[in-house]
Amino acid sequence: MSTAIPCLPSTIQPADRFEAFRESVSNTFVPLQVERVTAQPFDGWLRSVDLGALKVTGVGATPHRVRRTPTLIARSDPEYYKLGVQLQGRCTLSQAGRETCLTAGDSAIYDTSRPYTMTFDGPYRQLVVMFPRPLLCLPDDRIRAITARRVPGDQGLGALLHVLVREIAYRLDELTERTDIRLADTIVNLVATVYAEQLDGGTPGHAAGRKPLMSKVVSYIERHLDAAELTPKRIADENHISTRYLHKLFHEESATVTSWIRTRRLEHCRRELRDPARRDRSIGVIAAHWGFADPANFSRVFRNAYGISPREYRAATDDYSAEKTSRP
């Protein structure tokens, strides 16, 4: 069962709540710089649940500012998109030279691989859906043109998205394993449809009709990345399409099924190598869990992808964590 996890225990003393909130925000999402913007007492909360490859988090707090800086991106870049849906209060989001203001019902998408700033000038509630960028199945270069742009929550598909997300926000504790996969697919498909409409000016095309299927296939791959026999045939069979058509879908994304799987598995390995909670797991065990049975091959593929060996990457991450812990 997928239970919504309160990231801030109620036992935390008021004087410690900002520091606890700051740590929880970075641990729940990606590393972020959180700043107070008023001298008033701080209060905040987070509740998070994993839905397949998605992380859905309800968050609320008194005024503060959040920054994703180039330095933080260089230290950790898992390549996620985040969809912020404002439930109460106001948020000012800035990315790529654009700035938008979200009020209740509005939403916007932003990219964790590029710097952004979010400012909350009053008490607020927001639901954040974070997911691997490949799940959206829309060209990254075109998505960059519409990040930090407001999608109104009172009209068109934006209104439908708001209703769905709002209900999820109120029912995080009721989600079960049986509903996880279907609900995750529904969310991603709706988000993809909303932003495909933004990109295409509302004009559907033949290729756009394949986006939901591609999203479904990619979501299936994400859920089964640790499966030993994640072959194109198995993926095609489980999604009720031919292997030939599967390869065609990925060709249209300028990728192959095999390279897509390898890239996503490598990213999971990289995340585990920098995770302090996984420090007791050897590099070989982590690699094998994600489908790299040959340690020498894994080391070679990892170096080709990131320019550093797995051992060097883990050592560099450990050095940074030690330095951070030792700071006054």
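Residues numbered from 1 in each chain as written. Predicted model: local features only at pLDDT ≥ 70, side-chain atom pairs only at ≥ 80, totals over all residues. Heavy atoms only, no water.

A. Here's a closer look at the overall build of the chain. Of regular secondary structure, the chain possesses 12 helices and 11 strands. The buried share among the 328 residues of the chain stands at 49%. (Helix = DSSP H or I, 4+ residues; strand = E, 2+ residues; numbered from the N terminus. Buried < 20%, exposed > 50% of the residue type's maximum accessible area, 1.4 Å probe, protein only.)

B. The state of the cysteines, seen in detail. Summed over the entire model, instances satisfying the criterion amount to zero disulfides. Unpaired in this structure, C91 has its nearest cysteine sulfur neighbour in C101, at a distance of 7.7 Å. (Disulfide = S-S within 2.5 Å.)

C. Representation of helix α4 (residues 156-170). The end-to-end C-alpha separation of α4 is 22 Å, in line with the 21 Å expected for 15 residues at 1.5 Å each. Buried within α4 we find G158, L161, H162, V165, I168 and A169. The buried residues of α4 occupy an angular sector of 130° when projected down its axis, which confines them to one face. (Expected span 1.5 Å × (residues − 1). Arc of directions from axis to C-beta.)

D. Spotlight on the packing of aromatic side chains. What the rule picks out here adds up to nine aromatic pairs. Where F302 meets Y313, the ring centres are 5.8 Å apart and the plane angle is 65°; that geometry is what we call edge-to-face. Separated by 11 residues along the polypeptide, F302 in helix α11 (residues 295-306) and Y313 in helix α12 (residues 310-326) bring together distant segments of the chain. Like F302, the residue Y313 is buried in the burial classification. Its end group placed over the ring of F18, R36 keeps NZ or CZ at 5.3 Å from the ring centre. The positively charged end of R133 is found above the aromatic ring belonging to Y81, 5.8 Å away from the centroid. (Phe/Tyr/Trp six-rings, centres within 6.5 Å; stacked < 30°, edge-to-face > 60°. Lys NZ or Arg CZ within 6 Å of the ring centre and 35° of its normal.)

E. Summary view of the side chain of R98. Within the secondary structure layout, R98 lies in strand β8 (residues 98-102). In this structure R98 is buried but unpaired, with D111 as the nearest side chain of opposite charge at 9.2 Å. In this structure the side chain of R98 is engaged in a polar contact, spanning 2.8 Å, whose partner is the backbone oxygen of T147. Setting aside chain neighbours within four positions, we find R98 in contact with L93, R144, A145, I146, T147, A148 and R149. (Lys, Arg positive; Asp, Glu negative; His and termini not counted. Salt bridge = Lys/Arg side-chain N within 4 Å of Asp/Glu carboxyl O. Polar contact = N/O pair within 3.5 Å; in protein donor to acceptor, adjacent residues only side chain to side chain. Contact = heavy atoms within 4.5 Å.)

F. Layout of the sheet that holds strand β5 (residues 64-68). The strand order across the open sheet built from five strands is β2-β5-β10-β7-β8, with neighbouring strands paired in antiparallel fashion. The outermost strands of the open sheet, each flanked by one partner alone, are β2 (33-36) and β8. Between one strand axis and the next, the sheet turns by 15° as a mean value, whatever way the strands run. Note: β2 against β5, four bridges, orientation antiparallel. Each bridged residue has a counterpart across the sheet, and for R36 the counterpart in β5 is H64. Across the sheet, helix α1 (residues 17-28) is in contact with β2 and β5; its angle to β2 comes to roughly 155°. (Pairing = 2+ DSSP bridges. Axes fitted to C-alpha atoms, helices over the stretch in contact; angles between N-to-C directions.)

G. Summary view of the side chain of T117. Mapping T117 onto the fold places it in strand β10 (residues 116-120). If near-sequence neighbours (up to four positions away) are discounted, T117 is found in contact with R65, V66, R67, T92, L93 and S94.

H. Structural view of the pairing of strand β3 (residues 44-51). In terms of strand pairing, β3 meets strand β4 (residues 54-61) through eight bridges, oriented antiparallel. Note that in β4 the partner of V49 across the bridge is V56. Between β3 and the antiparallel strand that follows it, β4, lie two residues; G52 among them carries a positive phi value of about 60°.

I. The confidence of the model for the chain, seen in detail. Here the chain averages 84 in pLDDT, and 88% of its residues register 70 or above. Here residues 202-209 is modelled with pLDDT under 50, and outside its nearest four sequence neighbours on either side it reaches two contacts, counting other chains as well. Note on residues 320-328: pLDDT is under 50 here. Beyond four places in sequence and across chains, it has four contacts. (pLDDT = per-residue confidence, 0-100.)

J. Quick peek at α11. With 12 residues, α11 should reach 16 Å at 1.5 Å per residue; the first-to-last C-alpha distance of 16 Å fits that figure. Turning to α11, its buried residues are F298, V301 and F302. All buried residues of α11 fall inside an arc of 100° around its axis, so they share one side. The opening residue of α11, the one whose side-chain oxygen lies 3.0 Å from the backbone nitrogen of A296, is D294. At the exit of α11 stands G307, carrying a positive phi of roughly 75°.

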